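# Survey of secondary and tertiary structure
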Amino acid sequence: MTEDTRMQRGQTWLESLLKLMSVSTNVEAHLEASQIQDGAAQEPDNYWLTVDETKLSSEQIKTLIGSEGNVLDAIQYLANATLNLHQSQGEQASYTVELDGYRIRRQAEVQAIASSAAEQVRASGQEVEIKSLSSAERRQVHTFLKGFSDLETFSRGKEPHRHLVVRQLP
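Note that the structure is a prediction, hence the values are computed from the model and not measured. For every chain, the first residue of its written sequence is number 1, and the numbers climb from 1 along that sequence. Per-residue local features of the predicted model are confined to residues with pLDDT of at least 70, and side-chain atom pairs are confined, for both listing and counting, to 80 or more; whole-chain, interface and lining totals are unaffected and use all residues. In computing side-chain properties, one takes all heavy atoms of the structure into account and sets aside hydrogens as well as water.

### Examining the UniProt feature "domain: R3H" (unreviewed entry) in the chain
What counts here: UniProt positions are given in the numbering used here, feature names are shortened, and annotations may be inferred rather than shown by experiment. A run of H or I in DSSP counts as a helix once it spans at least four residues, and a run of E counts as a strand once it spans at least two, with each numbered from the N terminus.
UniProt feature "domain: R3H" (unreviewed entry): in the numbering of this structure it lies at residues 104-170. Across residues 104-170, helical content stands at 48% and strand content at 22%; the span's end C-alpha atoms are separated by 34 Å.

### With respect to the nonpolar core
Threshold: For the purposes of this section, nonpolar cores are sets of buried Ala, Val, Leu, Ile, Met, Phe, Trp, Tyr and Cys residues that join through side-chain atoms within 4.5 Å. Here's how the labels work: a residue is buried when its accessible area is under 20% of the maximum for its type, exposed when over 50%, partly exposed in between, all with a 1.4 Å probe on protein chains only. Residues count as neighbours in contact if any of their non-hydrogen atoms are within 4.5 Å of one another.
Formed by 24 residues in total, the largest nonpolar core has its most connected members in Leu14, Val51 and Leu99. Ranked by the residues each element gives to this core, the list is headed by helix α1 (residues 3-20), at five residues. When sequence neighbours within four positions are dropped, the list of residues in contact with Leu99 reads Val51, Glu53, Leu56, Ile61, Leu64, Ile65 and Leu72. Among the nonpolar cores identified, the runner-up in size contains 14 residues, and Ala114, Ala118, Leu133 and Leu164 belong to it.

### Section: the environment of Leu72
Along the chain, Leu72 turns up in helix α3 (residues 70-84). Residues Leu72 and Thr143, 71 residues apart in the sequence, show an inter-C-alpha distance of 21 Å. The residues touching Leu72, leaving out its near neighbours within four places in the chain, are Leu64, Ile65, Val97, Leu99, Tyr102 and Arg103.

### Here's the deal with the packing of helix α2 (residues 58-65) against α3
The criterion, for reference: Between N-to-C directions, angles span 0 to 180 degrees; the directions come from axes that are lines fitted to C-alpha atoms, helices contributing only their stretch in contact.
Here α2 crosses α3 at 65 degrees, and the two axes come no closer than 4 Å. Contact with α2, carried on its side by Thr63, Leu64 and Ile65, involves Asn70, Val71, Leu72 and Ile75 of α3 and no other residues of that element.

### Structural notes on the packing of helix α4 (residues 102-124) against helix α5 (residues 135-145)
Convention followed: Roughly parallel here means an angle under 35 degrees, roughly antiparallel means over 145, roughly perpendicular means 65 to 115, and every remaining angle is called oblique. Each crossing gets its hand from how the near helix is turned against the far one by less than a right angle, where anticlockwise is left-handed and clockwise is right-handed. Note on residue categories: nonpolar means Ala, Val, Leu, Ile, Met, Phe, Trp, Tyr, Cys or Pro, charged means Asp, Glu, Lys or Arg, and polar means any other residue, Gly included.
The geometry of α4 relative to α5 is characterised by a closest axis approach of 10 Å and an angle of 55 degrees between their N-to-C directions. Judged by the inter-axis angle, α4 sits oblique to α5. Taken as a pair, α4 and α5 cross one another with a handedness that is right-handed. Across the interface between the two elements, Arg106, Gln107, Val110, Gln111, Ala114, Ser115 and Ala118 from α4 touch Glu137, Gln140, Val141, Phe144 and Leu145 from α5. In terms of residue class, the contact of α4 with α5 is built from six nonpolar, four polar and two charged.

### Here's the deal with the layout of surface pockets
Applicable threshold: Two kinds of site are reported from a 1 Å grid over the protein atoms alone, namely cavities, where a 1.4 Å probe fits but cannot get out, and pockets, open sets with protein on both sides within 12 Å along at least five of seven lines, and residues are called lining when an atom falls within 4 Å of a point. Grid points are joined across faces, edges and corners, and a volume is the space filled by probe spheres set on the points.
Its volume calculated, the second largest pocket comes out at about 190 Å³. In terms of lining residues, the second largest pocket is bounded by Glu68, Asn70, Asp73, Tyr102, Arg106, Glu109, Ser132, Leu133, Ser134 and Glu137. Here the lining of the second largest pocket takes three residues from α4, the largest share from any one element. When grouped by side-chain class, the residues that make up the lining of the second largest pocket number two nonpolar, three polar and five charged.

This is the structure in structure tokens:
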């Protein structure tokens, strides 16, 4: 399956889901370029599915994002689970659902949380647990902190009480 096909499938799937939710709007899809950020490689086949908020009311936007992004996270989880179902490992892709700049803002917040945790670990020598992150956000922190050779990250616990732990390497 080509990049264009996976991107188009994601766009069509999300537009269909939104129509089922009685939300009539467009979705723009694009491939996030593989790049190096803070020494860590980003996922190469990450498609961004951006919901056009210009046709939505502020109430619709709030509802689709949900409290602390939980509705947007659920839509993104469904997109990834559904669109990768019955796809070979090489054909699977990662989909990020964006609305009203929420993901961009949240990524900056999560990176700030990760940087703060790294500073705390380095200053105290004690491990730091980061709570209240979605699985996608935990993956973002793991990827971000891979660039720090003196630190390691791992997840502890079971959903919905899974936490990310940052600690110094011995």
